[in-house]
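# Architecture and fold: a report
Here is how the chains run, residue by residue.
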Amino acid sequence: MMVFAFSALLMVEPDLAQERGNSEATINSQTLKISYGIATLQDRSLQGYLEADLVLVHFATFPVEMTWALGVGSATELQSTGTLIVAGKEIPPGTYSLWVRKKADHDGWFLAFHPKIGISADSPPTNGYTAELPLKIERAAPARDQLRISLRNLYGNFAGVAIDWLTTRLSGRFSVK
């Protein structure tokens, strides 16, 4: 299995990115919160990435079985007061670290939930994932020079999660009860 930190993957210096991003949503009367280390381009040019269209190229060519640490510093974590239904699996209320895994060629991206928390984004677990949510990869607009992870109420008991970086978005949905 290959492991890449988001910071190394897109040439971000992790020791310079101390700020934490947060996203919160109420779904089906339950609270969901995500906390993540905000990766930035630092002094690099967003325009250069846009002109070269480098991000989608990078995502398309990542090796199968790659694990990607979202953000920098401490691992990205999701806290939920409700039970999550992720790809047909029930995940009890609690806090989970989140990782992105590539499991098949071009379209095989998954958001992986792991019960181990409080760990470095540079040390993804090699096994023991609770569930994996299939993600859609697409072009994001507008382009972002900082990582942004967002949660939102789609409808009824469905939550949407989106991971935006430069010109790329990974997104998926799961239910909450």
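Throughout, residues of each chain are indexed from 1 in the direction in which the sequence is written. Local features in this predicted model are restricted to residues of pLDDT 70 or higher, and side-chain atom pairs are both shown and tallied only at a pLDDT of 80 or more, whereas totals for entire chains, interfaces and linings draw on every residue. Hydrogens and waters are ignored; side-chain quantities use all the structure's heavy atoms.

## Thoughts on the overall build of the protein
- Each helix and strand counted, the protein has three helices and 11 strands in total.
- In DSSP terms, a helix is any run of H or I states spanning at least four residues, a strand is any run of E spanning at least two, and both are numbered starting from the N terminus. For the protein, the N- to C-terminal ordering of α and β elements is β-α-β-β-α-α-β-β-β-β-β-β-β-β.
- Sequence separation of at least 24 residues holds for 63% of the intrachain contacts in the protein that already meet a minimum separation of 6.
- Accessible area for the protein stands at about 8100 Å²; split by element, carbon and sulfur atoms hold 49% of it. Residues count as neighbours in contact if any of their non-hydrogen atoms are within 4.5 Å of one another. Here the accessible surface of atoms and residues is derived via Shrake-Rupley with a 1.4 Å probe, and residues count as covered only by protein chains that are part of the display.

## Some remarks on the nonpolar core
- Here, the term nonpolar core denotes a set of buried Ala, Val, Leu, Ile, Met, Phe, Trp, Tyr and Cys residues that are joined through side-chain atoms within 4.5 Å. Summary of the burial criterion: residues with accessible area below 20% of their type's maximum are buried, those above 50% are exposed, and those between are partly exposed, where the area comes from a 1.4 Å probe applied to protein chains only. In terms of nonpolar packing, the biggest core is built from 36 residues, with Leu 32, Leu 84, Val 100, Leu 111, Phe 113, Ile 163 and Phe 174 touching the most fellow members.
- If one sorts the elements of this core by residue count, strand 11 (residues 158–176) sits on top with eight residues.
- Leu 111 has contacts with Leu 70, Leu 98, Trp 99, Val 100, Ala 131, Glu 132, Leu 133, Leu 135, Val 161 and Ile 163, leaving out every residue within four places of it along the chain.
- In terms of nonpolar packing, the next biggest core, distinct from the first, is built from seven residues, Trp 99, Ile 119, Ala 121 and Tyr 129 among them.

## Some remarks on the pairing of strand 5 (residues 77–80)
- Residue alternation in strand 5 divides its side chains into a buried set, Leu 78 and Ser 80, and an unburied set, Glu 77 and Gln 79.
- When strand 3 (residues 30–37) meets strand 5, the two strands line up antiparallel, connected through four bridges. Bridged to Lys 33 within strand 5 is Gln 79.
- Any two strands with at least two DSSP-identified bridges between them are counted as paired. Judged from the four bridges that link them, strand 5 and strand 8 (residues 94–102) form a sheet pairing that is antiparallel. Each bridged residue has a counterpart across the sheet, and for Glu 77 the counterpart in strand 8 is Ser 97.

## Quick word on the pattern of salt bridges
- Salt bridge, as applied in this entry: a Lys or Arg side-chain nitrogen positioned within 4 Å of an Asp or Glu carboxyl oxygen. Tallied over the entire structure, the rule returns six salt bridges.
- In this structure, Lys 177 engages Glu 90 in a salt bridge whose closest nitrogen and oxygen atoms are separated by 2.8 Å. Of the two residues, Lys 177 is situated in the segment after strand 11 and Glu 90 in strand 7 (residues 89–91); the sequence distance between them amounts to 87 residues.
- On the basis of relative accessibility, which here comes to 47%, the residue Lys 177 falls in the partly exposed class.
- Ionic pairing is found between Glu 138 and Lys 136, a salt bridge with its closest N-O pair at 3.7 Å.

## Structural notes on the confidence of the model for the protein
- Put simply, the protein has an average pLDDT of 80, and 75% of its residues get 70 or more.
- For the protein, per-element mean pLDDT is lowest for helix 1 (residues 6–9), which scores 41, and highest for strand 6 (residues 84–86), which scores 98.
- Values of pLDDT, which run from 0 to 100, indicate the predictor's confidence residue by residue. Scored below 50 in pLDDT, residues 1–17 shows 50 contacts in the model against residues more than four places distant or in partner chains.

## Focus: unusual backbone geometry
- Located in the positive-phi region is Asn 28, a residue other than glycine, with phi close to 55°.
- Looking at the secondary structure, you find Asn 28 in the loop between strand 2 (20–27) and strand 3.
- Its identity as a non-glycine residue notwithstanding, Ala 87 has a phi of 50°, on the positive side.
- Mapped onto the elements of the fold, Ala 87 is located in the loop between strand 6 and strand 7.
- The exposure class of Ala 87 is exposed, given its relative accessible area of 54%.

## Quick word on the environment of Ser 150
- Checked against the element boundaries, Ser 150 lands in strand 10 (residues 131–155).
- Sequence spacing of Ser 150 and Lys 33 is 117 residues, and the spatial spacing of their C-alpha atoms is 9.4 Å.
- If we skip the residues at most four places from it in the chain, Ser 150 touches Ser 23, Gly 160, Val 161 and Ala 162.

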